[in-house]
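Report on the structure
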Amino acid sequence: MEWLNAVVQGTLLGGLYALFAAGLSLIFGVMRLVNIAHGDLIVLGAYLGLTVTIILGLHPLLALVIVVPAMALIGYVLQRGILNHTLGKDILPPLLVTFGLSVIIQNALLETYSADPQKMNAGALETASLSAGGLSVGILPLLTFGIAIAVIASLQWVFYRTALGRAFRATSDNQEIAQLMGLNRRHIFGLAMALALGVTAIAGIMLGIRTSFDPSIGGGRLIFGFEAVIIGGLGNLWGTLVGGVILGVAQTIGAKIDPGWQLLAGHITFLVILAFKPNGLFPRINE
Amino acid sequence: MNPSDFHVTRTSAVTKIAVVCGAIALIILILAPYWAGRADMRLMGELFLYLALASLWNLMAGYAGLVSVGQQAYVGFGGYMLFALTIFGGVHPVGAIVIAGVLGALIAVPVALLIFRLRGAYFAIGTWVIAEVFRLSFAQVSALGGGSGSSLPVGIVRSLAESRSGREHLSYWLALASAVIVIASVFFFLRTRNGLALSAIRDNELAAGSLGIDIWRTKFVVYIVTAALTAMIGALIFLQKLRISPDAAFSVNDWTAFVIFIVVIGGIGTIEGPIIGTLLFFALRETLADQGTIYLMVLGAVAIVIMLKAPNGLWGLIRSRFDLELFPLSYRVKIDTSKEKD
């Protein structure tokens, strides 16, 4: 029963990791950009959520109404102001520029909010749980998992059912032809980053309700998201959810064996999958 | 004009002057214990170690196109090997540095086989995962202090040299030697056949491949050699610090972020770039260090601006303005003026 419990908790934790990963996956799918600052942007989302809840006295989940558009706006400006200038054949500029951004965001958060760990107060939601057949499942992890499914389903819908999604796929397939067809790829990329950072804001707030956070944890969140993306297979959003779940389960089972093994078990699972299935479990982009 | 009127050469007046100046500077630096104070020598020692790390990262990223954000894996590994070999193996610290390099190369082989499956930017994050695995693994080794780390016993420190100044001089010379050896190895490697292949890969990977260069093997060799040398530098760094902990040994800021900034600001893909970058980095650090986080934000912003406005860095700007090259690497065609007079 304890092991089953670990698997259930890990699966739900995977929902959070899928939220970390969805933004990364989306950006890579549309413009082949890997954003090293992604983890720090998640943490930025958490801090913005914290600020909004403190200043306006809102519940963290209601803070989403303000933080999601704010992060989307930051994403659009970031993309058009900086990141669009780095895109091209050479992979070095986007990599190093987002690395620089990561250091800037991290230290700006440190300067503004100090290194003290913070946490968002979600009241009764934090401790509420459901019990069934000897298993006890927290409402918050369940809600996070549900949000992850909803987010991925909506991204999937945007991608394959809307004009915006068609524009995303067209620019992803061939930037020059898309441009000839009247799409402004700079604007499209800006919208894609806005959408990605909107998702990142959700990820940040769910993270901030679940655990305490400080400015230095961004790198770790980037790695979890990245592992979920690679395990699931590049360009496959539902695969990313599966990747997140596999990572989450590996971590909770690792922690069950020895608390010091939690993170290590996740990384080793990732490396093993990389060794046997280098393209992930459900690859969609062939490169 | 016929072909005999021309000859192809790598040297120029500038490179000859650079050799002389470099030799004089090196002699002055070797004699530093006789003219520099204790604090200055410490600072210079640190500068040389960063110069070595930056030159190695530049070899990987600038020439082989292997952008790693996980070189702290090898810095920390080397440091821990120094501690393990001296404490449990009874090896002399200098011998331990060499063995750390060999072990670094050995561990880099399976790592490379795994992460070379990842392309481009995903390779970069893959290297970071490896560094995390190293950090978490060493934190599990209770014999080396687990998560809180351990200190180098006094006896081992004494085995370097009896007096404090003797140890300080020795670690300064070791740091200087490591920088000189790394830069010299990179330079002479780039002049060989394999080095030429590497420069070709840097300039155009597709064209290099179609000329018959084994791209995978060339990159693999560069990765392994870089890992070995980085592990040796890591051992040296922690021989100076005398204390190691997983967080310090595998710090992404200290051993990768700073190194990347040095190379990007100085000029990626050149030997001169890391040298200029290191000097500038230390000058900035000495003037802005009191500002703490502001200093790091400035550094990040400078790197972004340089990457966007002058991707070849400061040395790239200088080189394109004055057509300079201090290390004779590229070939130039010279008209033989002596023959024209005939």
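The structure presented is a predicted model; accordingly, all values stated were derived computationally and were not measured. (Residues numbered from 1 in each chain as written. Chains lettered and ligands numbered in written order. Predicted model: local features only at pLDDT ≥ 70, side-chain atom pairs only at ≥ 80, totals over all residues. Heavy atoms only, no water.)

A few words on the overall build of chain B. Check the secondary structure of chain B and you find 17 helices and four strands. Since a compact globule built from 342 residues should have a radius of gyration of about 20 Å, the 21 Å found for chain B is in line with a globular shape. Considered along the principal axes of its C-alpha atoms, chain B spans approximately 75 × 50 × 40 Å. Here the analysis covers contacts within chain B between residues at least 6 apart in sequence; of these, 78% occur between residues at least 24 apart. Averaging the locations of the 25 positively and 19 negatively charged side chains of chain B gives two centres separated by 3 Å. (Helix = DSSP H or I, 4+ residues; strand = E, 2+ residues; numbered from the N terminus. Rg over C-alpha atoms; globule rule 2.2 N^0.38 Å. Contact = heavy atoms within 4.5 Å. Lys, Arg positive; Asp, Glu negative; His and termini not counted. Charge placed at Lys NZ, Arg CZ, Asp CG, Glu CD.)

Before going further, it helps to spend a moment on the domain arrangement of chain B. Residues and elements named next belong to chain B. When its domains are assigned, chain B resolves into domain 1 (41–250) and domain 2 (251–325). With 32 residues of domain 1 at the contact, the number on the domain 2 side is 21 residues. Taken over both partners, the interface formed by domain 1 and domain 2 buries close to 2100 Å², and the fraction arising from carbon and sulfur atoms is 74%. Here domain 1 and domain 2 share one salt bridge between them. Between Glu-46 and Arg-285 there is a salt bridge, and its shortest N-O distance comes to 3.0 Å. Linking domain 1 with domain 2 are 11 residue pairs in polar contact (both at pLDDT 80 or more), by the criterion used here. The biggest single contributor to the side of domain 1 that touches domain 2 is helix α3 (residues 38–63), with 13 residues. A breakdown of the residues in the side of domain 1 that touches domain 2 according to their chemical character gives 21 nonpolar, seven polar and four charged. (Domains from an automatic or database assignment. Buried area = accessible area lost by both parts, 1.4 Å probe. Salt bridge = Lys/Arg side-chain N within 4 Å of Asp/Glu carboxyl O. Polar contact = N/O pair within 3.5 Å; in protein donor to acceptor, adjacent residues only side chain to side chain. Nonpolar A, V, L, I, M, F, W, Y, C, P; charged D, E, K, R; others polar.)

Topologically, Thr-226 of chain B is positioned in helix α11 (residues 215–241). Setting aside residues up to four positions removed in sequence, Thr-226 of chain B forms contacts with Leu-56, Leu-59, Met-60 and Gln-71 of chain B.

Right, let's get into unusual backbone geometry. Non-glycine residue Ser-114 of chain A carries a positive phi angle of around 65 degrees. Note on placement: Ser-114 of chain A falls in the loop between α4 (92–113) and β1 (129–132). For Leu-242 of chain B, which is not a glycine, the phi torsion comes out positive at approximately 65 degrees. A relative accessible area of 32% places Leu-242 of chain B in the partly exposed class. (Buried < 20%, exposed > 50% of the residue type's maximum accessible area, 1.4 Å probe, protein only.)

Contact residues are listed per partner, giving 35 residues for chain B and 41 residues for chain A. On the chain B side of the interface with chain A, the three residues burying the most area are Tyr-122, Ile-125 and Ile-304 of chain B, jointly 19% of the side's total. Our enumeration of links across chain B and chain A arrives at zero salt bridges. When residues of the side of chain B that touches chain A are traced back to their parent elements, those giving at least two are α6 (120–140), α13 (252–266) and α15 (293–309) of chain B. Element by element, the count of residues in the side of chain B that touches chain A is highest for α6 of chain B, at 14 residues. Here the residues of the side of chain B that touches chain A are counted per class, giving 26 nonpolar, seven polar and two charged.

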